[in-house]
Amino acid sequence: MASLINAILLVTIVIGIAYEALGRFDTIPEVAGKVIIITALIGVFINTVSAFAFYKGQKDDINVKGAFLHLMVDALVSVGVVISGIIIYYTSWNIVDPLVSLIISVVILLSTWGLLKESIKLAIDGVPQNVDLSKITAILESYKFIQNFHHLHIWALSTTENALTVHIVPKSDVTLEETLIMKENIKEDLAHQNIQHATIEFGIKADDNQKSRALNESIN
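Residues numbered from 1 in each chain as written. Predicted model: local features only at pLDDT ≥ 70, side-chain atom pairs only at ≥ 80, totals over all residues. Heavy atoms only, no water.

Here we take up helix 5 (residues 133-141). Turning to helix 5, its buried residues number three or more, namely Ile136, Ile139 and Leu140. Projection of helix 5 onto a plane perpendicular to its axis shows the buried side chains occupying an angular sector of 95 degrees, all on one side. Buried residues in helix 5 make contact with strand 1 (146-156), strand 2 (162-170) and helix 6 (176-191). (Buried < 20%, exposed > 50% of the residue type's maximum accessible area, 1.4 Å probe, protein only. Helix = DSSP H or I, 4+ residues; strand = E, 2+ residues; numbered from the N terminus. Arc of directions from axis to C-beta. Contact = heavy atoms within 4.5 Å.)

Looking at the secondary structure, you find isoleucine 17 in helix 1 (residues 2-26). Measuring from C-alpha to C-alpha, the distance between isoleucine 17 and isoleucine 104 comes to 8.3 Å, with 87 residues separating the pair along the chain. The contact partners of isoleucine 17, leaving out residues within four places of it in the chain, are Val77, Ser101, Ser105 and Ile108.

Let us now look at helix 1. Here helix 1 contains 25 residues, and its C-alpha end-to-end distance of 37 Å stays within 8% of the 36 Å for a straight helix at 1.5 Å per residue. Within helix 1, burial applies to Ser3, Leu4, Asn6, Ala7, Leu10, Val14, Ala18 and Ala21. (Expected span 1.5 Å × (residues − 1).)

Moving on: the sheet that holds strand 2. Read from one edge of the open sheet, 3 strands run 1-2-3, paired in mixed fashion. Of all strands in the sheet, those bounded by a partner on one side alone are strand 1 and strand 3 (197-202). Strand-to-strand twist across the sheet, computed as the mean angle between neighbouring axes with direction ignored, equals 15 degrees. When strand 1 meets strand 2, the two strands line up antiparallel, connected through 8 bridges. Residue pairing across strands places alanine 156 opposite asparagine 162, the latter belonging to strand 2. Helix-sheet contacts for helix 5 involve strand 1 and strand 2, and the interaxial angle to strand 1 is about 150 degrees. Here helix 6 sits on the sheet in contact with strand 1, strand 2 and strand 3, set at roughly 150 degrees to strand 3. (Pairing = 2+ DSSP bridges. Axes fitted to C-alpha atoms, helices over the stretch in contact; angles between N-to-C directions.)

All right, on to the pairing of strand 3 then. Residues Ala198, Ile200 and Phe202 of strand 3 are buried on one face, while the alternating residues His197, Thr199 and Glu201, pointing to the opposite face, are not. Strand direction decides the pairing type here: strand 2 and strand 3, joined by 6 bridges, are parallel. When the sheet's bridge partners are listed, histidine 167 is paired in strand 3 with glutamate 201. Following the backbone out of strand 2, through helix 6 and into the adjacent parallel strand 3, one traces a crossover that is right-handed. (Right-handed = clockwise from strand over helix to strand, strands pointing away.)

So, on to the side chain of threonine 112. With respect to the helices and strands, threonine 112 occurs in helix 4 (residues 96-123). Given a relative accessible area of 1%, threonine 112 falls into the buried group. Only 2.7 Å separates the side chain of threonine 112 from the backbone oxygen of isoleucine 108, close enough to count as a polar contact. If we skip the residues at most four places from it in the chain, threonine 112 touches Ala7, Leu10 and Val11. (Polar contact = N/O pair within 3.5 Å; in protein donor to acceptor, adjacent residues only side chain to side chain.)

Moving on, we come to the side chain of serine 84. Mapping serine 84 onto the fold places it in helix 3 (residues 62-91). For serine 84, a relative accessible area of 3% translates into the label buried. If we ignore the near neighbours within four places in the chain, the residues touching serine 84 are Val96, Asp97 and Val100.

The next subject is a nonpolar patch on the surface. Taken together, Leu22, Phe25, Ile28, Trp93, Ile95 and Leu99 make up a surface patch of nonpolar side chains, about 560 Å² in accessible area. Note on placement: isoleucine 28 falls in the loop between helix 1 and helix 2 (33-52). On the accessibility criterion, isoleucine 28 (35% relative accessible area) is partly exposed. (Patch = residues over 30% accessible without salt bridge, like charges linked within 9 Å, V, L, I, M, F, W, Y side chains within 5 Å. Areas by Shrake-Rupley, 256 points an atom, 1.4 Å probe, with all protein chains shown as cover. Salt bridge = Lys/Arg side-chain N within 4 Å of Asp/Glu carboxyl O.)

In structure tokens:
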């Protein structure tokens, strides 16, 4: 939810900047170029240093990614302000101010769009971006002891951990020992696909009720 709110705030900022920029085309204000340059350069330095403090973590955590993008947006805005300030200072072309603002809006929107989509997906328990559903399916299909599987669900427990549940029907001649070994192997394979918590349920077709109870107790 934090990453979703962050993404929405960034999009709101884009709308605000674009709205103000469009309004300035009707009445272009006088801009103090030198003051803008000095103030914006300070902003570029502070926000860039702060953003790179989050650079490593943003690859694995969507909340950190949101904070990183937020700071980079601020730095980008400041860079745009510096550029417009320099142009205005030497040419007095005040129209550069709203033009640069619109360019900044487009760049921010493009960089934020991925974060917004990923955040919405996590909020509705969709398959996380760092999980390849086709690879998960291929792993399950690769086991010769599995007859079929269904009720496969994958969702994010947090910004760094994912969960999976699946119901597997083993072939009728599979033994209890083989099933338990298969379960551990599947979990190990899933761990390499960014699945940290896997709940695997086995359906038994055998008529031997004692075998079925023993298998369920061992799995649980």
